[in-house]
Amino acid sequence: MLITISLSAQSIDLDSIEVKANHKNLREHFHKIQKIKDSVKSQSIGISLTEILREQTPIFFKESGAGMVSSVSFRGTTAQQTAVLWNGLNINSQLLGQTDFNAVSWATADDLQVEYGSGGIMNGSGAIGGTVSLSNRPKFGKKNTQKLSLGYGSYQHLLLDYSHLMANENSYFEVKFSREQSKNDYKISSKNYENLNADFWKNDMGVNFGFLFNNQHKILFFNEFYNDKRNFSLIISTENKSRYFNYNQRHLLRYEFQQKKLKITPEIGFLKENYTYYPNIKKTENSGNGVGSLITNLQINLKPLKKIDLKWKNGWIYRESLPDENASMKQSFRREFQTSFNGFFKPYKNLQLELGARKEWVTHFESPFLYSSVINFQALKNFELKLKAASSFRAPSFNDLYFEPGGNTDLKPEYSKSYELSSGIDFRYLKLGFNLFHQNIRDMIRWMPADKGYWKAFNVDRVRIKGLEANAEAEFNLFKIKTKTKMFFSYTDAKEVKTKLSLMYVPPIQAGLNFVFQYQKFSLGWNNRYTDDVYFSLGKEENARVKEYLLSDVMLKYTFLNNKLGVAFRINNIYNKIYQTILNRYQPQRNFNIKINYELF
């Protein structure tokens, strides 16, 4: 049984899928962006991105068992083709080129949003299928608060979440800390399966502060420290028990100068990722590696005319690998310089345009020139139509380039061209959105057998992806019960051009249907998620198929003490479904958690 206590009482909310927001930033006028609100995040039983995004988006997650390594397929692309940002900095592993979504926490971030489709101009390498962004907001003039969350549940799952904010009109200081751990020893009796050697713990701490000197000058400093330990679950009990330690730190110092029509933002950041792997937990032998990245950016926003907004950004990055003596890589480095430009234009009341370009210069390979153009046409008061053409790329990772043996410094970046048609309808109580997309990707990087008997990285594949997405949300009162419902649907067809075989890890159909019913201080939520068959080989070989599944969760929440205290009870997988997202790696059946939120002051 899982119990979670979260001490900032809020009703259950579904406000995560925003077809059209009332207060859009410039990018929301041109791109499909989904915001995940705090009220949705507070319902989750853990702190990792996997759980919350799987429930709220059509992103497919491949998990090597609950809490284990988690990678994504976003709009049919590979795990390396989704960018993950922290306060605007790309935090994809520089060793693997991808993110383990069970090793990234949302707990210390204020905002979590998902941008669908090509975003290479603004988000850089990896933003081919989409982008997941975590960010922190300045808190000048906010109320001093202290919040606590505690939890306990199935498989000895424990959760602690604490935050403290001190602020006035000219400065603020904020500390956030989260701890999650679980024995994670669930069983599937009918399959004679036990999740052995799968316990884990995670710690995440954020320290942020800022100073506002006047209306024109401010300094912001964001910091995050994350570490975890995960034992790797076994497929058979006779395997060696292994474990893995992660340690990540992220720092960003930002200065903002702002006048009426001009904003200048220089910043300097430092990212460090480290891991240590023990192939046998009974022995001391281990290997490890890491990468440190020093990042500097200068962004200038200019509004020369009422209907024109311009954005110019330059960045310089130095990255260096940090292998230990047992790592399969020598110490390596990489320098990057990047410049990008975006222009937003509104020539007519019902017509808006976005044009963008980006170029990077990177050690050891040539980066392509990127472009983006979007047209937003407001056909009717409640109806808009968008047409987008864009390119993106994915830089080879340190492993792709420098791993020994098999790294290949002659690799080219993966390159994509995408086209998208989208529309949105926005009425008072109903919002609808539709997207059609088509993408061509060339120079896909694959590890293949080489002449000397080992595997080596090559540019080999060309891929074509097409699909559609639909989402809707409605809000109304039913017999004094405030009712919200939201749904999403996606269809994706991803194939190699040469062989015409379907790609691995891409479910053709995914859908979600979520409800919230609220009456006074009671809230009842019901979330449903369908995932189609997934194949773990090219084509559709039956012995490599993971069967479709439908998951449902139910949440009941009650608030009291003037909404300062809230208690939530959640049943996960209420139909007790036996399912897996990776072959031979079963997920938990029905389980429970309780969560209590309390606002101390």
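In this convention, every chain numbers its residues from 1, walking through the sequence in written order. Two thresholds apply to this predicted model, a pLDDT of at least 70 for residue-level local features and 80 or more for giving and counting side-chain atom pairs, whereas whole-chain, interface and lining totals are computed over all residues. Excluding hydrogens and water, the side-chain values take into account all heavy atoms of the structure.

### Digging into a nonpolar patch on the surface
Reasoning step 1: Residues form patches when they are more than 30% accessible in relative terms and have no salt bridge. Like charges link within 9 Å. Nonpolar side chains (Val, Leu, Ile, Met, Phe, Trp, Tyr) link within 5 Å. What sets the accessible areas is the Shrake-Rupley method with a 1.4 Å probe; for residues, cover comes only from the shown protein chains. Salt bridges are defined by distance alone: a side-chain nitrogen of Lys or Arg within 4 Å of a carboxyl oxygen of Asp or Glu. On the surface, I375, F377, L385, L387, L421, L436, L468 and Y491 cluster together into a nonpolar patch covering about 650 Å² of accessible area.
Reasoning step 2: Strands are runs of DSSP state E lasting at least two residues, helices are runs of H or I lasting at least four, and both sets are numbered from the N terminus onward. Residue placement: L436 occurs in strand 26 (residues 430-449).
Reasoning step 3: Burial classes: relative accessible area under 20% of the type maximum marks a residue as buried, over 50% as exposed, and values in between as partly exposed (1.4 Å probe, protein chains only). The class for L436 is partly exposed, based on a relative accessible area of 46%.

### Looking at the confidence of the model for the protein chain
Reasoning step 1: On average, residues of the protein chain carry a pLDDT of 90, and 96% of them reach 70 or more.
Reasoning step 2: Every residue in residues 1-23 scores below 50 in pLDDT, and together they form 135 contacts with partners more than four places removed in sequence or on other chains. As a per-residue measure, pLDDT reflects the predictor's confidence and takes values from 0 up to 100. Only heavy atoms matter for contacts: two residues are in contact if any of them lie within 4.5 Å across the pair.

### Notes on the pairing of strand 33 (residues 549-560)
Reasoning step 1: Sheet topology note: the strand 30 (residues 522-531)/strand 33 ladder contains ten bridges and is antiparallel. Bridging from a neighbouring strand, T531 pairs with Y549 of strand 33.
Reasoning step 2: Across seven bridges, the pairing between strand 33 and strand 34 (residues 565-572) is antiparallel. Of the residues in strand 34, the one forming a bridge with L556 is F569.
Reasoning step 3: Think of it this way: DSSP has to see at least two bridges between two strands before they count as a pair. In sequence, strand 33 turns back onto strand 34 through a hairpin of four residues, with L561 there showing a positive phi of about 55 degrees.

### Concerning the pattern of salt bridges
Reasoning step 1: Using the criterion set out here, one finds 38 salt bridges in the structure.
Reasoning step 2: A salt bridge links E469 to K32, with the shortest nitrogen-to-oxygen separation between them at 3.0 Å. One end of the pair, E469, is in strand 27 (residues 455-478); the other, K32, is in the loop between strand 1 (2-7) and strand 2 (33-36), with 437 residues separating them in the sequence.
Reasoning step 3: Exposure remark for E469: the relative accessible area of 5% places this residue in the buried category.
Reasoning step 4: For R250, the salt bridge is made with E224, and the minimal N-O distance between the two is 3.0 Å. Pair noted here: R250 is in strand 16 (residues 242-258) and E224 is in strand 15 (residues 217-232), with a separation of 26 residues, a long-range link.

### Some points on the nonpolar core
Reasoning step 1: In this description, a nonpolar core means a group of buried Ala, Val, Leu, Ile, Met, Phe, Trp, Tyr and Cys residues linked to one another through side-chain atoms lying within 4.5 Å. Residues L49, L53, F101, L112 and V132 are the most contacted members of the largest nonpolar core, which totals 35 residues.
Reasoning step 2: Put simply, the parts of the chain that give this core at least two residues each are helix 2 (49-56), strand 5 (82-86), strand 7 (111-116), strand 8 (130-135), strand 10 (157-167) and strand 15.
Reasoning step 3: Residues in contact with L49, not counting those within four places in the same chain, are F101, V104, W106, L112, V132 and L134.

### Topic: the packing of aromatic side chains
Reasoning step 1: Ring pairs shown here join Phe, Tyr and Trp side chains whose ring centres sit within 6.5 Å, with only the six-membered ring taken for Trp; geometry is labelled stacked below 30 degrees between planes, edge-to-face above 60, and tilted in between. Counted under the stated rule, the structure contains 24 aromatic pairs.
Reasoning step 2: Residues F30 and F344 carry aromatic rings whose centres are separated by 5.7 Å and whose planes lie at 40 degrees to one another, so their mutual orientation is tilted. Taken together, the residues span a long stretch of sequence, with F30 in the loop between strand 1 and strand 2 and F344 in strand 20 (residues 333-348) at a distance of 314 residues.
Reasoning step 3: Assessed through its relative accessible area of 3%, F30 is described here as buried.
Reasoning step 4: When the ring of F74 is compared with that of Y116, the centres are 5.2 Å apart and the planes differ by 80 degrees; the resulting orientation is edge-to-face. Highlighted residues: F74 in the loop between strand 4 (70-73) and strand 5 and Y116 in strand 7, separated in sequence by 42 residues. In this pair, the class of F74 matches that of Y116, namely buried.
Reasoning step 5: Through pairs of rings, three or more aromatic residues link up here, namely F173, F209, F211 and F221.

### Section: the sheet that holds strand 6 (residues 89-90)
In a beta sheet, neighbouring strands pair by backbone hydrogen bonds and run either parallel or antiparallel.
Reasoning step 1: Taken together, the five strands give an open sheet; going across it, the order is 2-7-8-5-6, and neighbouring strands pair in mixed fashion. Two strands in the sheet have a free side with no partner beyond their single neighbour: strand 2 and strand 6.
Reasoning step 2: Across five bridges, strand 5 lies against strand 8 in parallel orientation. For W86, the partnering residue across the bridge sits in strand 8 and is L134.

### Comments concerning the pairing of strand 27
Reasoning step 1: Strand direction decides the pairing type here: strand 26 and strand 27, joined by 18 bridges, are antiparallel. Across the sheet, residue L436 finds its bridge partner in strand 27, namely L468.
Reasoning step 2: The turn joining strand 26 and strand 27, which pair antiparallel and follow one another in sequence, is formed by five residues; a positive phi near 95 degrees is taken by G453.
Reasoning step 3: In terms of strand pairing, strand 27 meets strand 28 (residues 481-496) through 16 bridges, oriented antiparallel. Bridge pairing in strand 28 places E473 opposite K486.
Reasoning step 4: In this structure, the hairpin formed by strand 27 and strand 28 is closed by a connection of two residues, where F479 is found at a positive phi of approximately 55 degrees.

### Description of the environment of P266
Reasoning step 1: Locating P266 in the fold gives a position in strand 17 (residues 262-278).
Reasoning step 2: With 258 residues separating them along the chain, P266 and L524 place their C-alpha atoms 46 Å apart.
Reasoning step 3: Residue contacts for P266: discarding those within four places in its chain leaves L253, R254, Y255, N297 and L298.

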